[in-house]
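Next come the chains, spelled out residue by residue.
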Protein chains: 8
Amino acid sequence: MSWAKSETPADKFSETLTPDNAVLAMIDHQTGLLVGVRDLDPMLLKNNIRGLTAMAKVLDLPSVITSSYPDGPNGPIMPDILENLPDAPVINRQGEINAWKSPAFKQAIEKTGRKKIIMAGLVTDVCLLFPALSAVAEGYDVYAVIDASGTWNDTVQQAAIVRMSQAGVKVTTWGSVLAEIMDDWRSPKGMELGGVLGGHTSYGWVYNSFMSQAAKANKQ
Amino acid sequence: MSWAKSETPADKFSETLTPDNAVLAMIDHQTGLLVGVRDLDPMLLKNNIRGLTAMAKVLDLPSVITSSYPDGPNGPIMPDILENLPDAPVINRQGEINAWKSPAFKQAIEKTGRKKIIMAGLVTDVCLLFPALSAVAEGYDVYAVIDASGTWNDTVQQAAIVRMSQAGVKVTTWGSVLAEIMDDWRSPKGMELGGVLGGHTSYGWVYNSFMSQAAKANKQ
Amino acid sequence: MSWAKSETPADKFSETLTPDNAVLAMIDHQTGLLVGVRDLDPMLLKNNIRGLTAMAKVLDLPSVITSSYPDGPNGPIMPDILENLPDAPVINRQGEINAWKSPAFKQAIEKTGRKKIIMAGLVTDVCLLFPALSAVAEGYDVYAVIDASGTWNDTVQQAAIVRMSQAGVKVTTWGSVLAEIMDDWRSPKGMELGGVLGGHTSYGWVYNSFMSQAAKANKQ
Amino acid sequence: MSWAKSETPADKFSETLTPDNAVLAMIDHQTGLLVGVRDLDPMLLKNNIRGLTAMAKVLDLPSVITSSYPDGPNGPIMPDILENLPDAPVINRQGEINAWKSPAFKQAIEKTGRKKIIMAGLVTDVCLLFPALSAVAEGYDVYAVIDASGTWNDTVQQAAIVRMSQAGVKVTTWGSVLAEIMDDWRSPKGMELGGVLGGHTSYGWVYNSFMSQAAKANKQ
Amino acid sequence: MSWAKSETPADKFSETLTPDNAVLAMIDHQTGLLVGVRDLDPMLLKNNIRGLTAMAKVLDLPSVITSSYPDGPNGPIMPDILENLPDAPVINRQGEINAWKSPAFKQAIEKTGRKKIIMAGLVTDVCLLFPALSAVAEGYDVYAVIDASGTWNDTVQQAAIVRMSQAGVKVTTWGSVLAEIMDDWRSPKGMELGGVLGGHTSYGWVYNSFMSQAAKANKQ
Amino acid sequence: MSWAKSETPADKFSETLTPDNAVLAMIDHQTGLLVGVRDLDPMLLKNNIRGLTAMAKVLDLPSVITSSYPDGPNGPIMPDILENLPDAPVINRQGEINAWKSPAFKQAIEKTGRKKIIMAGLVTDVCLLFPALSAVAEGYDVYAVIDASGTWNDTVQQAAIVRMSQAGVKVTTWGSVLAEIMDDWRSPKGMELGGVLGGHTSYGWVYNSFMSQAAKANKQ
Amino acid sequence: MSWAKSETPADKFSETLTPDNAVLAMIDHQTGLLVGVRDLDPMLLKNNIRGLTAMAKVLDLPSVITSSYPDGPNGPIMPDILENLPDAPVINRQGEINAWKSPAFKQAIEKTGRKKIIMAGLVTDVCLLFPALSAVAEGYDVYAVIDASGTWNDTVQQAAIVRMSQAGVKVTTWGSVLAEIMDDWRSPKGMELGGVLGGHTSYGWVYNSFMSQAAKANKQ
Amino acid sequence: MSWAKSETPADKFSETLTPDNAVLAMIDHQTGLLVGVRDLDPMLLKNNIRGLTAMAKVLDLPSVITSSYPDGPNGPIMPDILENLPDAPVINRQGEINAWKSPAFKQAIEKTGRKKIIMAGLVTDVCLLFPALSAVAEGYDVYAVIDASGTWNDTVQQAAIVRMSQAGVKVTTWGSVLAEIMDDWRSPKGMELGGVLGGHTSYGWVYNSFMSQAAKANKQ
């Protein structure tokens, strides 16, 4: 396994995210790990995970869920993920810390035939960092969604961001991913994705104000 | 109208909150004001407002909703509040900034016959501060729910906290109010209120882990 | 001179601010002191001072400006204040640090016949704190506008807030003062004061959005 | 039950803490609640709880431990507390949120005959706040140890501090309590208590440096 | 469209900004988006946007303004921008999220014949990030003005900075851009640009103090 | 010993600080404790202690220095204090944690015949808090200089501030104390005290700019 | 000595950490330096250092300890390190600041025959930064453990992180290193390493809750 | 002038700093700019600048001082710099913002024949950033001392750090530079440089404790 920086990033990075070239990987968002997150408010983290998976749901984006021994203290996968992604395969790993080392997980990714992976994981410095580095080393284009991931404290978050960026991972956030894949408000799922954004950011209130006024104008 | 510190706080404060002695007042949680809040993350604020009103719903707690000219830029009331409190009177004030100066609002409070007011408002330094001071001055026992309220920045929040506390208002938070009124896990609504707490804090994840393990134990 | 806590706050505090019972005191907002402020971003401080004095201008509120030896390193008074309050007397003190000890300043306040003083000063822990304590000790009702004042760092700000509150000063912010004195959107100056608020907070953008949509509705 | 501010604080507060007039109450430091704390780093919180209970162990200070339904999701009491206080009664409450409302808990306190309670609890805004208010209202002198307690976020911590202080509770920290009860380095347990302080703060490193040098001097 | 890191940055970056080689692009500074910014105080953001566009005005710098469906909830462009840049083309995009994908926008940039783009946009992680990456990939030298842009919170800002820097975008601030393009205080517009800097930073107060003293010296 | 809130604050507080009614107490500023301070940057703390004692030196203010077993790990008194206050008695306590319980210390204070004590101490929650509470309880007017003191972290600082303020101590900062005792720039030591302020705050740079320009004007 | 970025990182970085390819270097964790750390809470730092060295102990990982003139003010090595690594050579350097320049230290590393160095040091910007840069320049793969190191303040930490990352050092944290080297929960030391993680993070509380429930299930 | 990343950093960076290969450049530390710094406490900044220049003084390190029109509002150079570096040439630029564009400044650097420049400047994003980029582009090895520089706020500091690091500048801090150039405590100036470090960090207090104890041991 190699974590070296890919030698030919230009090709790999020459396209933006589309519903047809990307796969979502949700790694170890288990309740026993979620309680340990302290770089983001837990309710904001919950909101962001919901937003990211709701985006995938709207787009029928191929998705892979994995957990690390859910019968143990790590606990079950956050229910909201399973609700939003009912058809995604769930790989319960028996011991591999780096999900990329789980043949089942890797095959699930490969099976989609896609080379761009939108990844989030708990804890950031382990469950996101390791597969992100591994995938980049094998030529994948990895979008590490830092705000749908979480870890012990701000220092750990910063170290993970710096190390991922150094290795060629694209460090990003869920709203940015949604906008990149949405591409155009007039795209088939444009308005629906806008609704997901509004439902999970303060933009929803801007939309409420607008629609309330529009409704009144229409009544006149 | 008097904002003076009440002279005989001992009597007023001699009981804790119960479902029978308290009324909830939700003041000016309008979408045009919500976007201006910067002392709390907006998604955390939304979560807290949902939690506070869900508590009132579980308890059938008398509640009063008011807004300041919702046809103007302040915009409509946050929909989540109306969903959780469908039977609460909604007082759309025509100009009074201090809701307490609105006869309709004050009568709605008085009609409940209760002397303890759980209050939240946007923005904290105006829509919560003024009625909180006014109500305390008239002998009410006011619980100002600082984390279901919000304002321009941290400095403004701090000034509002200090001024309310100085005047005898009880500055508190939504989780603390829920626990005080719940009183005992064995109370009629105890488990349901616990569910509200879990649904709006990281405690829910602790509960998920526990129940998952309990389910497995039962299967054995 | 006494800084003791007033014995009978109830009477003094029994009214809210009105255009008829309040005077504004702007103390030592000089350019050589402004550069030293580090508890607020300087551009936010400038904005807040403009907002507070614009409010006074709209209301023709009696105002007193004072400076501490403006020919020395403290420098001239911030020009925005003089522009907004062209008719206010300017007391250039020759040495008194506590403006309240300057007979000219105190007489300027007394001449207004008003017992409620809206005070802001640089630096907070000196130029606002001392006259605030002195005025409260003499029976005035003092509103210390903490965010139109400023000082060396957050620790100093906090100590000043705590000490003023302990002594009976009302610690507040410029937006809260504006709303208290405005009282009702239908008051004679209501819309104008709302414009001041919008011009100096993010509320102005909410208003822009609203008016833009209203203009379109009217065209239809 | 009354939460009013005690009318005669002077008598109650006229002594400092001694090993003979104080009792320690450790309330609901259960593992399912500890994971929710976000106003202090969890490892610092663990350290502080260890320090506080180690102090009680050195002094044989009467102590009462209580938990809220430890068979449920709240989980077991933090083991370190039971190790440091092996002889303390453990009151497992069946439902009362405010420990003061548990007759067994209150009797355990009363049985010590002491009127000064050193209290810590999780979460601060519930498990510490409520019994602190209740005990003060009944004439006890309560030391609320804010840094051996913990809660959801900084805003909640601040609200709890302000409300407790308003009601006459002494808001304090574990190191301050240790020093107050130690009183004099020459007291019987002085050096041992100093060791507890050093073992749980950076002071221990100062002590290491000192002793290392002293050892060398002695060898010469 | 390619977001790959440019292969030959040396040529592209071999000159500093001048009034003759740069174009300003102001992207989606619309009132419905501005209210969502939480990585900068909104009044500081407004100040910075004013400063940046005032700089362009002084220099008659070619500028392009674009908005994303201003008839919808995003709302109208911040009026200050239109005031400072009355002659700049305004491209109202009908759906493209990445402005670079709008032929009209791209042509407006190309029409200037300039290869250095000073870019600011709301929200940073979308409206600035995407066109910055796209332009760099096509060989432009992009100055991303992070403090005249804004986004949901600090984590999002940091991720956007790291990702832009990784891709070869120059992350910068409005004051730095002004100084780079000004180059020399004796340049034709040197003093005027200094005035823009002073009018939008605390440097203005330093200037006030200096000029006040100079005026007195001249009178002598 | 009583820590109760003084019953008649009005008399005690009816005067401001003067060179004739105040005494300075510097408590336990020892190098082994200084290294533990984490609520203020250590270089800022050093600067503030220098400023406070330089003020006392200029005024020949009666001062008392005390240390807690300086032959042990607490180490020697910070040399800057001894340099600025060469004539102050130094009470090396043999064990009393609360300096007020040291007869030698208390007598040194009493010997000055002054009832206003300007106090600073390390660590804040022990060496400042305890004597401040004790002195207030015995009728002294205590100015607790929070920024010439220091402690383990921000939470501890806040708890100490709240508890001191609750008990009637005046929580303040060194610059505020200097200005209060200076009273007027024309007082005998006015200019010298201004120099102390300038030498220990950014005001010194304002002064440098002013004097440089004045020197040039004089040359003309 | 060269600090240049290695030319062929791909080879060097092509493996992950294993118990067989890594060596731990603990540099200058001396008590006189530990007290100076202000970018991490000292108790959290102590906890992290304990965790990192406990990991090495569990794995019998070759380790090298070094100190800089421990007979001087830097003081002795933190005792916890010596306890966890009783067999590691301790190199007491006589003057070299950069440990890599000490032949004894470098030989101790070389003797292990390993090319991956897990490094931590106090202060970060000197004792970690210099040997990290030197080792990378000589072809080693360096993991700089930023949270088992520490320095004067956050700005210094950030500069050190940026400079190390620029030079090809992997900036990381102790928990991430433990997980990378553990690799799989089923590895020979998997459970034991999990215990180290739990004993030094809030994960331990999750484990306590789980085991408590499991114990009850087993009893049934 | 080119700001491109140097093509052959390996050669340039292959040595560490020595008293024989480095030159210090102090750029625009003028009192009118110093007052504008808000990313560091001003007293900490003053301390750091003193420390950095004291280091140069001890080493007789070639140094160049420059200012930007000191007769104008920027004001005179901070006096401490001139005191520590009395023999350094002072280049008063007449207008060039980027000091590197001043022939006199550049010649003063070139005259030293040294290729490593230790640079600090106010404001960071202009007076340090521009010459750092220019010098790196011409093959110099630049150490940008971020904590002896300063700017408007944290966001501006971060942008400057990221941009300098991207371009190959070494972002560092004054203590790290001192340690790198000192190299060994046994070097000719080793103890003297250690004294500079101790005099400007909390390490000085560690030294005080040590020497106090050593003095006692010697007396025995």
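Further up the page is the structure itself.
Cut-offs applied
Residues numbered from 1 in each chain as written. Chains lettered and ligands numbered in written order. Predicted model: local features only at pLDDT ≥ 70, side-chain atom pairs only at ≥ 80, totals over all residues. Heavy atoms only, no water. Helix = DSSP H or I, 4+ residues; strand = E, 2+ residues; numbered from the N terminus. Rg over C-alpha atoms; globule rule 2.2 N^0.38 Å. Buried < 20%, exposed > 50% of the residue type's maximum accessible area, 1.4 Å probe, protein only. Contact = heavy atoms within 4.5 Å. Areas by Shrake-Rupley, 256 points an atom, 1.4 Å probe, with all protein chains shown as cover. Phe/Tyr/Trp six-rings, centres within 6.5 Å; stacked < 30°, edge-to-face > 60°. Salt bridge = Lys/Arg side-chain N within 4 Å of Asp/Glu carboxyl O. Least-squares fit on C-alpha atoms with pLDDT ≥ 70 in both. Axes fitted to C-alpha atoms, helices over the stretch in contact; angles between N-to-C directions. Parallel < 35°, antiparallel > 145°, perpendicular 65-115°, else oblique. Left-handed = near helix turned anticlockwise from the far one by under 90°. Nonpolar A, V, L, I, M, F, W, Y, C, P; charged D, E, K, R; others polar. Buried area = accessible area lost by both parts, 1.4 Å probe. Polar contact = N/O pair within 3.5 Å; in protein donor to acceptor, adjacent residues only side chain to side chain. Pairing = 2+ DSSP bridges.

Undergrad: So, the overall build of chain A: which residues are in play, and what are the values?
TA: Check the secondary structure of chain A and you find 10 helices and six strands. The C-alpha radius of gyration computed for chain A amounts to 18 Å, which stays within 12% of the reference 17 Å derived for 220 residues, consistent with globular compactness. Over its C-alpha atoms, taken along the principal directions, chain A stretches across nearly 65 × 40 × 35 Å. The buried share of chain A, reckoned over its 220 residues, is 72%. Taking all contacts inside chain A whose residues are at least 6 apart in sequence as the whole, residues at least 24 apart take part in 81%. Here chain A has roughly 6800 Å² of accessible surface; of this, 53% comes from carbon and sulfur atoms.

Undergrad: So what's going on with the environment of Lys216(D)? Residues and values would help.
TA: Within the secondary structure, Lys216(D) is located in helix α10 (residues 203-219). Residues Lys216(D) and Ala179(D), spaced 37 residues apart in sequence, show a C-alpha to C-alpha distance of 30 Å. Sequence-distant contacts of Lys216(D), defined by excluding residues within four places in its chain, comprise Pro70(G) and Asp71(G).

Undergrad: Which residues make up the packing of aromatic side chains, and what are the values?
TA: Each aromatic ring pair is summarised here by two numbers: the centre-to-centre distance and the angle between the ring planes. Inspection of every chain in the model, using the stated rule, returns 16 aromatic pairs over all chains. Considering the side-chain rings of Trp100(A) and Tyr140(A), the 5.2 Å spacing of their centres and the 80° angle between planes classify their relative orientation as edge-to-face. Separated by 40 residues along the polypeptide, Trp100(A) in the loop between β3 (90-93) and α5 (103-111) and Tyr140(A) in the loop between α6 (124-137) and β5 (141-145) bring together distant segments of the chain. Tyr140(A) matches Trp100(A) in its accessibility class, with the two residues each being buried. When the centroid spacing of 6.4 Å and the interplanar angle of 70° are considered together, the rings of Trp100(F) and Phe105(F) count as edge-to-face. You'll find Trp100(F) and Phe105(F) in the same group, each marked buried. Through successive ring pairs, a cluster of aromatic residues spans Trp100(A), Phe105(A) and Tyr140(A).

Undergrad: So what's going on with the pattern of salt bridges? Which residues, and what values?
TA: Taken as a whole and judged by the stated rule, the model has 80 salt bridges over all chains. Close ionic contact of Glu96(H) with Arg186(E) constitutes a salt bridge, the shortest N to O distance being 3.5 Å. Linking Glu96(H) in the loop between β3 (90-93) and α5 (103-111) with Arg186(E) in the loop between α8 (174-182) and α9 (190-199), this pair reaches from one chain into another. Owing to a relative accessible area of 14%, Glu96(H) belongs among the buried residues under this scheme. With its nearest N and O atoms 2.6 Å apart, the salt bridge here joins Asp141(H) to Lys116(H). Here Asp141(H), found in strand β5 (residues 141-145), pairs with Lys116(H), found in strand β4 (residues 116-121); they are 25 residues apart in sequence, far enough to count as distant.

Undergrad: Mind laying out the relation of the copies chain A and chain G, listing which residues take part and the relevant values?
TA: Superposition record for chain A on chain G: RMSD 0.0 Å, screw rotation 90°, translation along axis 0.0 Å. Taken together, the rotation and translation describe the operation of a four-fold axis. With a heterologous cut-off of 20% or less, the 3% of interface residues of chain A that recur at the interface of chain G puts this contact in the heterologous class.

Undergrad: So what's going on with the packing of helix α10 (residues 203-219) of chain A against helix α10 (residues 203-219) of chain C? Which residues, and what values?
TA: Direction vectors running N to C along α10(A) and α10(C) enclose 20°, while the axes themselves pass 10 Å from each other. By the angle between their axes, α10(A) is roughly parallel relative to α10(C). Crossing handedness for the pair α10(A) and α10(C): right-handed. Residues Phe210(A), Gln213(A), Ala214(A) and Ala217(A) of α10(A) form the contact with α10(C), whose participating residues are Phe210(C), Gln213(C), Ala214(C) and Ala217(C). When grouped by side-chain class, the residues that make up the contact of α10(A) with α10(C) number six nonpolar, two polar and no charged.

Undergrad: I'd like to hear about the interface of chain A and chain G, residue by residue, with values.
TA: Interfaces are often sized by the amount of accessible area the parts lose when they come together. At the interface, 34 residues of chain A touch 35 residues of chain G. The junction of chain A with chain G conceals about 2700 Å² of combined surface from both sides, 59% of it contributed by carbon and sulfur atoms. When the buried area of chain A at its contact with chain G is split by residue, Pro73(A), Ile97(A) and Arg163(A) rank highest and sum to 20% of it. The interface formed by chain A and chain G contains three salt bridges. Here Asp183(G) makes a salt bridge to Lys101(A), at a shortest N to O gap of 2.7 Å.

Undergrad: Outline the arrangement of the chains, listing residues and values.
TA: Chain G makes no contact with chain C, the minimum C-alpha separation between the two being 17 Å. Between chain A and chain H there is no contact, and the shortest C-alpha to C-alpha distance separating them is 11 Å.

Undergrad: Explain the side chain of Ser149(G) to me, using residue names and the numbers behind them.
TA: Residue and element names in this part refer to chain G. Of note, Ser-149 is situated in the loop between β5 (141-145) and α7 (154-166). Within the local environment of Ser-149, its side chain forms a polar contact with the backbone nitrogen of Gly-121, the two atoms lying 3.0 Å apart. Residues in contact with Ser-149, not counting those within four places in the same chain, are Leu-40, Leu-45, Ala-120, Gly-121, Leu-122, Thr-124 and Leu-128.

Undergrad: Run through unusual backbone geometry, naming residues and quoting values.
TA: Note the cis peptide between Leu122(G) and Val123(G), where omega equals -5°. Within the secondary structure, Val123(G) is located in the loop between β4 (116-121) and α6 (124-137). The backbone of Asp183(H) sits at a positive phi, close to 70°, despite the residue not being glycine. Residue placement: Asp183(H) occurs in the loop between α8 (174-182) and α9 (190-199).

Undergrad: Lay out the sheet that holds strand β4 (residues 116-121) of chain D with the relevant residues and their values.
TA: Residue and element names in this part refer to chain D. Taken together, the six strands give an open sheet; going across it, the order is β3-β2-β1-β4-β5-β6, and neighbouring strands pair in parallel fashion. Among the strands making up the open sheet, the edge pair consists of β3 (90-93) and β6 (170-172). Recorded for the sheet is a direction-independent mean angle of 25° between the axes of neighbouring strands. Across three bridges, strand β5 (residues 141-145) lies against β6 in parallel orientation. Residue pairing for β6: Ala-144 is matched across the bridge by Val-171. Where helix α3 (residues 42-59) meets the sheet, it contacts β1 (22-27), β2 (63-68), β4 and β5, and its direction lies at approximately 145° from that of β1. Contacts from helix α5 (residues 103-112) reach β1, β2, β3 and β4, with the element oriented near 160° to β1.

Undergrad: Quick rundown of the sheet that holds β4(G)? Include the residues and the values.
TA: By definition, the strands of a sheet pair up through backbone hydrogen bonds, in either a parallel or an antiparallel sense. Residue and element names in this part refer to chain G. Sheet architecture is open: six strands sit in the order β3-β2-β1-β4-β5-β6, paired in parallel fashion. Two strands lie at the open edges of the sheet, namely β3 (90-93) and β6 (170-172), each paired on one side alone. Across the sheet, the mean angle from the axis of one strand to that of its neighbour is 25°, orientation sign disregarded.

Undergrad: Explain the packing of helix α6 (residues 124-137) of chain H against helix α7 (residues 154-166) of chain H residue by residue, including any values.
TA: All names here are of chain H. Contact pair α6 / α7: the axes reach a minimum separation of 10 Å and the direction vectors enclose 5°. For the element pair α6 / α7, the angle class is roughly parallel. Residues Thr-124, Asp-125, Leu-128, Leu-129, Ala-132 and Leu-133 of α6 pack against Val-156, Ala-160, Arg-163 and Met-164 of α7. Class assignment for the residues of the contact of α6 with α7 results in seven nonpolar, one polar and two charged.

Everything listed here is a matter of coordinates, which is why it stays silent on function.
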